[in-house]
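Results of the structural survey
Next come the chains, spelled out residue by residue.
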Amino acid sequence: MNLIVVEDHAAVSQTAAEVVAASITENADLTVVAATGTTPMDLYGELANRRRRGELVTSGWRVFQLDEYVGIPADDRRSLYQWMKCAVLDPLAIPADRTVRLRGDAADLVAACDDYDLAIESSRGLDLAILGLGPNGHLGFNEPPSDPTSPTRVVTLSAESIRSNAAYWGDEEDVPRCALTAGMTVLLSARHIVLVVSGGHKRGILERVLRGPVTPEVPASHLQSCGGCTVIADRLAAGHASA
Ligand code: PGA
């Protein structure tokens, strides 16, 4: 795991865009998992700017959804697919046939997870995972405890995730209680992982991710042994931590 500490959130997004661009030069046909959440939004904006300027080619990208609430159709305002479409797919011109959804509205959720893992497997795994850090150390909705072998599956959201997700939709009552998440196995085996972290409210959990024991109680702590992982954090989140 490499750690890059930068001044502020804007610098996190700029630096993360540079790291993403550098990983793309190795491979124009890229399989990417792209998180929703607040933190990576400006990174996607930066990638879209680069694409508009002709500095980034996304025509070979295949984008996988990281997580989705159970029982929420694509036209619901809380659909994480819709969020990803607006923030990632449309700005980066990724068409539907190069997108793999995690279908939280499927009748058979286990089959939906199996289909997703199969799609990743048949794409030779993930090249790039763009992730944010949950307040409880989750990656996607791999809630504590999640060990590195956790598959893509249905999960019950923790109280902390319900609280933090309420900020997206208005109220805790608006947050669905269950979700599908890409498993730890597929995320940790991504060839490049970019974890973006900003703000003082992430300082305690980031310290545990970077320097605490590697434990299922802090799922993101498993990134410590991932050579292809770059954590990009601002000073508020990282304190005085350095690589
Ligand atoms: P955030 O969410 O980027 O909105 O802080 C991260 C997460 O919960 O995974």
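In what follows, the structure referred to is the one given above.
A brief structural summary.

Attention now moves to the layout of surface pockets. As a volume, the largest pocket reaches approximately 480 Å³. Elements supplying a minimum of two residues to the lining of the largest pocket: strand E4 (67-69), helix H3 (80-89) and helix H5 (159-169). Partitioning the lining of the largest pocket into residue classes produces 11 nonpolar, 13 polar and two charged.

Take the environment of Ala-106 next. Secondary-structure assignment places Ala-106 in the loop between strand E5 (99-100) and helix H4 (109-122). Looking at Ala-106, the relative accessible area reads 25%, which means it is partly exposed. Distance from Ala-106 to Arg-211, taken between C-alpha atoms, is 39 Å for residues 105 residues apart in sequence.

Now for unusual backbone geometry. Omega for the bond connecting Pro-144 with Pro-145 falls within 30 degrees of zero, at -5°, which places this linkage in the cis form. By the secondary structure assignment, Pro-145 is in the loop between strand E6 (128-132) and strand E7 (153-156). Of note in this structure, Arg-124 is not a glycine but carries a positive phi near 65°. Under the relative-accessibility criterion, Arg-124 is labelled exposed at 52%.

Attention shifts here to the site of the ligand. Neighbouring the ligand are Gly-37, Thr-38, Thr-39, Gly-132, Leu-133, Gly-134, His-138, Tyr-168 and Lys-202. For the ligand, an oxygen atom lies 2.5 Å from a polar atom in the side chain of Thr-39. Here an oxygen atom of the ligand and a side-chain polar atom of Tyr-168 are 2.6 Å apart. For the ligand, the protein covers 87% of the area, taking 280 Å² as the surface of the free molecule. Spatially, the ligand is embedded in the largest pocket. Here the residues of the shell around the ligand are counted per class, giving two nonpolar, six polar and one charged.

Reading guide: rules and limits
Residues numbered from 1 in each chain as written. Predicted model: local features only at pLDDT ≥ 70, side-chain atom pairs only at ≥ 80, totals over all residues. Heavy atoms only, no water. 1 Å grid on protein atoms, 1.4 Å probe; cavity = no way out; pocket = protein on both sides within 12 Å on 5 of 7 lines; lining within 4 Å. Points joined across faces, edges and corners; volume = space filled by probe spheres on them. Helix = DSSP H or I, 4+ residues; strand = E, 2+ residues; numbered from the N terminus. Nonpolar A, V, L, I, M, F, W, Y, C, P; charged D, E, K, R; others polar. Buried < 20%, exposed > 50% of the residue type's maximum accessible area, 1.4 Å probe, protein only. Near = heavy atom within 4 Å. Polar contact = N/O pair within 3.5 Å; in protein donor to acceptor, adjacent residues only side chain to side chain. Areas by Shrake-Rupley, 256 points an atom, 1.4 Å probe, with all protein chains shown as cover. Sits in = over half its atoms within 2 Å of the grid points.

Honestly, it's all geometry; don't read function into it.
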